[in-house]
Amino acid sequence: MDLSVFGDLHRDTLADRMGIEFLEAGPERVVGRMPVEGNTQPYGLLHGGASAVLAETLGSVGAAIHAGPERIAVGIEINATHHRSATSGHVTGVATRVHGGRTLATYAIEITDDQGRLVCTSRLTCMLRDR
C-alpha cells in the first residue's frame, strides 16, 4: 500500500503536528512512529496523551482501511495503560485488529521505545458509518 496517501490525508492535523509517520498500513495491522521530543509533559517524559493520540491515529487508520472507501471510521472508545516513560528518540506503535465487523472495528495497540520496551498498551473501538 502507498503510505504517502496517509501523509497527505493527515496534513495539517493533530497527527501531523505531533510528527506521526506511517511505516505500514493495512486492515489487519498498522505501524507508525512518533518523536518523543515535542510531545512531552513538563518533566521531559512522553506525555500520556501523546501516546493516546498515536494509538488512536493508528487504530483509526486500520479501521478506515477495513471499512473501505465508501465508509468512515469514528473512534468511540479508547483506553491506555502507561507502563514506562520515554524521554528521547521515537516511540513506535503497532495496531493489530482484534475485531473487524460491519459496524465496529477494534484494535489493540502496543507502543514501544527505541529499545523495544513496552511504553503503553491501548485498545480502540471505532464505529463504521456510511460516508
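Trainee: Explain the pattern of salt bridges to me, please; I cannot follow it from the model alone.
Mentor: It is possible for side chains of opposite charge to pair when their charged atoms get near one another. Overall, the coordinates contain six salt bridges when judged by the stated rule. Two residues, R33 and E21, come together in a salt bridge whose shortest N-O distance is 2.9 Å. Of this pair, R33 sits in strand 2 (residues 29-35) while E21 sits in strand 1 (residues 21-25); the two residues are 12 residues apart in sequence, bridging distant segments of the chain. Residue class for R33 comes out partly exposed when judged on its relative accessible area of 28%.

Trainee: Please clarify how a nonpolar patch on the surface should be interpreted in this entry.
Mentor: Taken together, the side chains of I72, V74, I76, L104 and M127 make up a nonpolar region of the molecular surface, amounting to roughly 340 Å² of accessible area. By residue number, the principal contributor to the nonpolar patch is strand 3 (residues 71-82), which donates three residues. Mapped onto the secondary structure, L104 falls in strand 5 (residues 104-112).

Trainee: Is there a simple way to explain the nonpolar core in this structure?
Mentor: Side chains of nonpolar character tend, in soluble globular proteins, to be buried together. Ranked by internal contacts, the top residues of the largest apolar core, which has 28 residues, are M34, L46, V91 and I111. Here the element with the most residues in this core is helix 3 (residues 48-67); it accounts for seven residues.

Trainee: How should I be thinking about the environment of M18 in this particular structure?
Mentor: The residue M18 is located in the loop between helix 2 (14-17) and strand 1 in this model. When the C-alpha positions of M18 and A50 are compared, they lie 7.9 Å apart, and in sequence the two are 32 residues distant. In this structure, M18 is in contact with M34, P35, N39, A50 and V53, ignoring residues within four places of it in sequence.

Trainee: When you look at the environment of V61 in this model, what are you seeing that I'm missing?
Mentor: Among the structural elements, V61 can be located in helix 3. The buried category is assigned to V61, whose relative accessible area is 5%. Separated by 39 residues in sequence, V61 and F22 have C-alpha atoms that sit 9.8 Å apart.

Trainee: Would you mind going over the state of the cysteines with me for this structure?
Mentor: Cysteine pairs can be covalently joined through their sulfur atoms, and such a bond is termed a disulfide. According to the stated counting rule, one finds zero disulfides in the structure shown. Take C120: it sits in no disulfide, and the sulfur closest to it among the cysteines is that of C126, at 16 Å. Overall, C120 belongs to the buried group, its relative accessible area being 0%. Judged by relative accessible area, C126 falls into the buried class, the value being 0%.

Trainee: Looking at this structure, how should I read the sheet that holds strand 1?
Mentor: As summarised here, the arrangement of the six strands in space is 1-2-4-5-6-3, forming an open sheet in which the pairing is antiparallel. A single partner strand is all that each edge strand has here, and the edge strands are strand 1 and strand 3. On average, adjacent strands in this sheet sit at an angle of 20° to one another, irrespective of strand direction. Here nine bridges tie strand 5 to strand 6 (residues 118-130), and the two strands are oriented antiparallel to one another.

Trainee: Sorry, what's going on with helix 3 here?
Mentor: Residues spaced three or four apart along an α-helix face the same direction, because each turn holds 3.6 residues. Here helix 3 contains 20 residues, and its C-alpha end-to-end distance of 28 Å stays within 8% of the 28 Å for a straight helix at 1.5 Å per residue. Inspection of helix 3 places A50, S51, L54, A55, T57, L58, G59, S60, V61, G62, A63 and A67 among the buried residues, and these make up the whole buried set. G68 sits one or two positions beyond helix 3 and adopts a positive phi of about 95°.

Trainee: What is the right way to look at the side chain of S122 in this model?
Mentor: Relative to the elements of secondary structure, S122 occurs in strand 6. Of the polar contacts made by the side chain of S122, one reaches the backbone oxygen of N79; its length is 2.5 Å. Aside from chain neighbours lying at most four places away, what touches S122 is A55, I78, N79, A80, Y107, A108 and I109.

Reading the values: rules and limits
Residues numbered from 1 in each chain as written. Predicted model: local features only at pLDDT ≥ 70, side-chain atom pairs only at ≥ 80, totals over all residues. Heavy atoms only, no water. Salt bridge = Lys/Arg side-chain N within 4 Å of Asp/Glu carboxyl O. Helix = DSSP H or I, 4+ residues; strand = E, 2+ residues; numbered from the N terminus. Buried < 20%, exposed > 50% of the residue type's maximum accessible area, 1.4 Å probe, protein only. Patch = residues over 30% accessible without salt bridge, like charges linked within 9 Å, V, L, I, M, F, W, Y side chains within 5 Å. Areas by Shrake-Rupley, 256 points an atom, 1.4 Å probe, with all protein chains shown as cover. Core = buried A, V, L, I, M, F, W, Y, C linked by side-chain atoms within 4.5 Å. Contact = heavy atoms within 4.5 Å. Disulfide = S-S within 2.5 Å. Pairing = 2+ DSSP bridges. Axes fitted to C-alpha atoms, helices over the stretch in contact; angles between N-to-C directions. Expected span 1.5 Å × (residues − 1). Polar contact = N/O pair within 3.5 Å; in protein donor to acceptor, adjacent residues only side chain to side chain.

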